[in-house]
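What follows is the residue order along each chain.
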Amino acid sequence: MTGPSGDLESCIRSAAELAIRRCAQGLLTVETLSARTREEWEALPSLPFQEDYPPQKLLNRIALRHCSRRLYQACCSPDVETRNCAFENLYRYLTQKLQYSPYAPTLVQYEGAAADVLQQALAIVQNACASHPPNGPDDPAAFLKWTMTILFRQAYAFASKTVQEPAVSLDAQYEAYTEKLEARQDYDPEAQFDSQELQEALKNAILSLSNKRYRQVLSGTYLAGMDERELATLLGVHVQDVYLWRYRALKALRSNRKVVEALRLWLR
């Protein structure tokens, strides 16, 4: 059933305001982003199970992807003021992501560690954007996730230096930070995932696996943004083992339609 046009416009505007507040202040207006979000929603193909009235989480995701494109353009801009504005937004966005990441419990134990990790990540992004031609993701809409991967790799590198045992438990890291997030009264699930439903689906899917290695590999891949070599080093195994465990873990979850959809949305 299609909702009232006024309600739809309200949802679209809410998505635009949230996305701009997170990472595009001074780069996009609410009116412009609302219009682009509406256009993309209307261009989406209709699915048998899809309602005419879009869920808020989908509008939020569409708006954020548009902000990601604009942020990448601004980071690569030859105009100094535009670049400065872009990196101020990126600093704020990545600061929040790092705060809610699996590495937060480790970084908080060392004075200045979070700031150092953040500055290292921003320096890498800045150098990439200053290249001719600029380096970055193939799709500018994935710029935010690309920067998050860089951030988490820097955090991982720092965390690896602080542990004596190379095979530190990813299960313990994940459980510790999820418990901390859930205990916060002011926790906004969109700071970590695009929706509470997506967070719960991924969390429950990973923790439902009985095989410890499967849980570790999925946690590292989908929650910590690690690649196969990083996971292999962390777990003290061969890269081929990581590929095999991830394949088997995903195969074990394939029958759960909700989980498959959650993973698909997270990787968009």
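Here, every reference points to the structure presented above.
Now for a look at the structure at hand. (Residues numbered from 1 in each chain as written. Predicted model: local features only at pLDDT ≥ 70, side-chain atom pairs only at ≥ 80, totals over all residues. Heavy atoms only, no water.)

### Here we look at the overall build of the protein chain
What counts, and what does not: Think of it this way: any DSSP run of H or I at least four residues long counts as a helix, any run of E at least two long counts as a strand, and we number them from the N terminus. For each residue, the accessible area found with a 1.4 Å probe, counting protein chains only, is set against the maximum for its type, and the residue is called buried under 20%, exposed over 50%, and partly exposed in between. Shrake-Rupley sampling with a 1.4 Å probe provides the accessible areas, and residues are treated as covered by the protein chains on show and by no other component.
Check the secondary structure of the protein chain and you find 13 helices and 0 strands. In the protein chain, which comprises 268 residues, the proportion classed as buried is 47%. In the structure as shown, the protein chain presents an accessible area of about 14,000 Å², 51% of it carried by carbon and sulfur atoms.

### Comments concerning the nonpolar core
Note the cut-off: We define a nonpolar core as any set of buried Ala, Val, Leu, Ile, Met, Phe, Trp, Tyr and Cys residues linked to one another through side-chain atoms lying within 4.5 Å. Only heavy atoms enter the contact rule, under which two residues are in contact if any of them lie within 4.5 Å.
Leu71 and Leu90 are the most contacted members of the largest nonpolar core, which totals 65 residues. Per element, the largest residue contribution to this core is 10 residues, and it comes from helix H3 (residues 56–75). With sequence-adjacent residues up to four places away left out, Leu71 is seen in contact with Cys23, Leu27, Ala86, Asn89, Leu90, Phe143 and Leu144.

### Examining the packing of helix H4 (residues 80–99) against helix H6 (residues 113–130)
The condition is simple: Axis lines are fitted to C-alpha atoms, over the contacting stretch for helices. Their N-to-C directions set the angle, which ranges from 0 to 180 degrees. Roughly parallel covers angles under 35 degrees, roughly antiparallel covers those over 145, roughly perpendicular covers 65 to 115, and oblique covers all other angles. Working rule for handedness: look at the near helix, and if it is turned counterclockwise from the far one by less than a right angle, call the crossing left-handed; if clockwise, right-handed. Only Asp, Glu, Lys and Arg are considered charged in this grouping, and only Ala, Val, Leu, Ile, Met, Phe, Trp, Tyr, Cys and Pro are considered nonpolar; every other residue, Gly among them, is considered polar.
Contact geometry of H4 with H6 gives a least axis separation of 11 Å together with a crossing angle of 135°. Taken together, the axis directions place H4 and H6 in an arrangement best described as oblique. In the crossing of H4 with H6, the sense of the turn from one axis to the other is right-handed. Residues Phe87, Leu90, Tyr91, Leu94, Thr95 and Leu98 of H4 touch H6, and the partners they reach there are Ala114, Val117, Leu118, Gln119, Leu122, Val125 and Gln126. Taken together, the residues of the contact of H4 with H6 sort by class into 10 nonpolar, 3 polar and no charged.

### Brief notes about the packing of aromatic side chains
Using the following cut-off: We call Phe, Tyr and Trp rings a pair once their centres come within 6.5 Å, taking the six-membered ring for Trp, and we label the pair stacked below 30 degrees between planes, edge-to-face above 60, and tilted otherwise.
Using the criterion set out here, one finds 4 aromatic pairs in the structure. Relative to Phe143, the ring of Tyr72 has its centre 5.1 Å away and its plane inclined at 50°; by these criteria the two rings are tilted. Of the two residues, Tyr72 sits in helix H3 while Phe143 sits in helix H7 (residues 143–162), which places them 71 residues apart along the sequence. This pair shows no difference in class: Tyr72 is buried, exactly as Phe143 is. Here the aromatic rings of Tyr110 and Phe158 are separated by 5.6 Å at their centres, their planes lie at 80°, and the arrangement is edge-to-face. Within this pair, whereas Tyr110 is found in the loop between helix H5 (104–107) and H6, its partner Phe158 is found in helix H7, the two being separated by 48 residues in sequence. You can call Tyr110 partly exposed: its relative accessible area is 35%. Within the aromatic cluster, the residues linked to one another by ring pairs are Tyr72, Phe143 and Trp146.

### A short note on the side chain of Gln216
Selection rule: In the analysis that follows, any N or O atom pair within 3.5 Å is treated as a polar contact, provided that within protein one partner can donate a hydrogen and the other can accept it, and provided that, for residues neighboring in sequence, both atoms belong to side chains.
Positionally, Gln216 belongs in helix H10 (residues 212–223). Relative accessible area serves as the criterion here: at 3%, Gln216 is assigned to the buried category. Here Arg213 takes part through its side chain, which lies 3.0 Å from a polar atom of the side chain of Gln216.

### Some words on the pattern of salt bridges
The test is simple: Any Lys or Arg side-chain nitrogen located within 4 Å of an Asp or Glu carboxyl oxygen qualifies as a salt bridge.
Within this structure, the stated rule accounts for 5 salt bridges. Salt-bridge contacts for Glu9 lead to Arg38; the nearest nitrogen and oxygen are separated by 2.7 Å. With Glu9 in helix H1 (residues 5–23) and Arg38 in helix H2 (residues 30–43), the pair connects residues that are 29 residues apart, well separated along the chain. A salt bridge links Arg13 to Glu17, with the shortest nitrogen-to-oxygen separation between them at 3.3 Å. Here Arg13 and its partner Glu17 are both found in helix H1, 4 residues apart, which amounts to about one turn of the helix. What you see here is one network of salt bridges that share partners, running through Arg13, Glu17 and Glu31.

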